[in-house]
Amino acid sequence: MKILAVDLGDARTGLACCDRGELIASPVGTIQERRQEAILEQVAAAAREQKAEEIVVGHPVNMNGTLGPRSALCREFAQRLAGLVKVPVRLWDERGTTVTAIGYLNQTNTRGKKRKAVVDTVAATIILENYLAYRRNHPQDDPLEAVAPWVEEEPSKEETP
């Protein structure tokens, strides 16, 4: 199944897609846009162009498992995108993907403006690789049901060790 991954950013949104056999995640490109309406339209167009049968939107969960304002923004984006396309739209935990993407770009000595232009697309590719790995290792599970429930709020200071 062809799956499109989205790494939603403030100024740039990265896209990646896999082959029908779900073996290789490849970068598709970067949307240079700040207006959510325009990003939604361009992601929906990319999904049609890539013939995606599913869309995975990176879900920025805090390292302690809680959800913050950025998570709410991505959930709203995914819901709105689902209204524009005829394929399932899922959220997928993206913790650590930007750090991993920067690590890859450091290894290839990609710096400055060039790094800024591709980091979101590399992050989208990593999100998709993680999702594909999950699907391979848990073929009987629905990824939405298998993911641990999200904690909706930051823990209070009294609860934090």
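Up top is the structure.
Residues numbered from 1 in each chain as written. Predicted model: local features only at pLDDT ≥ 70, side-chain atom pairs only at ≥ 80, totals over all residues. Heavy atoms only, no water.

Caption draft 1: Summary view of the overall build of the protein chain. A count of helical and extended segments in the protein chain gives five helices and five strands. Walking the protein chain from its N terminus toward its C terminus, one meets helices and strands in the order β-β-β-α-β-α-β-α-α-α. When the 161 residues of the protein chain are sorted by exposure, 44% land in the buried category. Counting only contacts in the protein chain whose residues sit at least 6 apart along the sequence, the fraction spanning at least 24 positions is 65%. Accessible surface for the protein chain amounts to roughly 9000 Å². Of this, 53% is attributable to carbon and sulfur atoms. (Helix = DSSP H or I, 4+ residues; strand = E, 2+ residues; numbered from the N terminus. Buried < 20%, exposed > 50% of the residue type's maximum accessible area, 1.4 Å probe, protein only. Contact = heavy atoms within 4.5 Å. Areas by Shrake-Rupley, 256 points an atom, 1.4 Å probe, with all protein chains shown as cover.)

Caption draft 2: Summary view of the environment of Thr-30. With respect to the helices and strands, Thr-30 occurs in strand 3 (residues 25–32). Here the alpha-carbon distance between Thr-30 and Leu-15, two residues 15 residues apart in the chain, equals 6.1 Å. Polar side-chain contacts of Thr-30 include one of 2.4 Å to the side chain of Thr-121. (Polar contact = N/O pair within 3.5 Å; in protein donor to acceptor, adjacent residues only side chain to side chain.)

Caption draft 3: Quick look at the pairing of strand 1 (residues 3–7). Among the five residues of strand 1, five are classified as buried, and the element is accordingly described as predominantly covered. On strand 1, burial covers both faces: Ile-3, Ala-5 and Asp-7 on one face and Leu-4 and Val-6 on the other are all buried. Pairing of strand 1 with strand 4 (residues 54–59) involves four bridges; the strand directions are parallel. Residue pairing for strand 4: Ala-5 is matched across the bridge by Val-56. Taken together, the four bridges between strand 1 and strand 2 (residues 12–18) define a ladder with antiparallel strand orientation. Within strand 2, the residue paired with Asp-7 across the bridge is Gly-14. The antiparallel hairpin formed by strand 1 and strand 2 contains four residues in its connecting segment. (Pairing = 2+ DSSP bridges.)

Caption draft 4: Local environment of the nonpolar core. Formed by 21 residues in total, the largest nonpolar core has its most connected members in Leu-4, Val-43, Ile-55, Val-57, Phe-77 and Leu-81. Elements with a contribution of two residues or more to this core: strand 1, strand 2, helix 1 (36–50), strand 4 and helix 2 (69–82). Top element by residues in this core is helix 1. It accounts for six residues. Residues within four places of Leu-81 in sequence aside, it is in contact with Leu-40, Val-43, Ala-44, Ile-55, Val-57 and Val-89. By size, the runner-up hydrophobic cluster in this structure holds 13 residues, among which are Ala-25, Ile-127, Leu-128 and Tyr-131. (Core = buried A, V, L, I, M, F, W, Y, C linked by side-chain atoms within 4.5 Å.)

Caption draft 5: Representation of the packing of helix 1 against helix 2 within the structure. Put simply, helix 1 and helix 2 touch, their axes get as near as 10 Å, and they point 50 degrees apart. By the angle between their axes, helix 1 is oblique relative to helix 2. As helix 1 runs across helix 2, the sense of the crossing is right-handed. Residues Gln-36, Glu-37, Ile-39, Leu-40, Val-43 and Ala-44 of helix 1 pack against Leu-73, Glu-76, Phe-77, Arg-80 and Leu-81 of helix 2. Of the residues contributing to the contact of helix 1 with helix 2, the split by class is seven nonpolar, one polar and three charged. (Axes fitted to C-alpha atoms, helices over the stretch in contact; angles between N-to-C directions. Parallel < 35°, antiparallel > 145°, perpendicular 65-115°, else oblique. Left-handed = near helix turned anticlockwise from the far one by under 90°. Nonpolar A, V, L, I, M, F, W, Y, C, P; charged D, E, K, R; others polar.)

Caption draft 6: Looking closely at the packing of aromatic side chains. Taken as a whole and assessed by the stated rule, the structure comprises two aromatic pairs. When the ring of Trp-92 is compared with that of Tyr-131, the centres are 5.0 Å apart and the planes differ by 75 degrees; the resulting orientation is edge-to-face. Of this pair, Trp-92 sits in strand 5 (residues 89–93) while Tyr-131 sits in helix 4 (residues 112–137), and the two are 39 residues apart along the sequence. Owing to a relative accessible area of 9%, Trp-92 belongs among the buried residues under this scheme. Put simply, the rings of Trp-92, Tyr-131 and Tyr-134 touch in pairs and so form one group of aromatic residues. (Phe/Tyr/Trp six-rings, centres within 6.5 Å; stacked < 30°, edge-to-face > 60°.)

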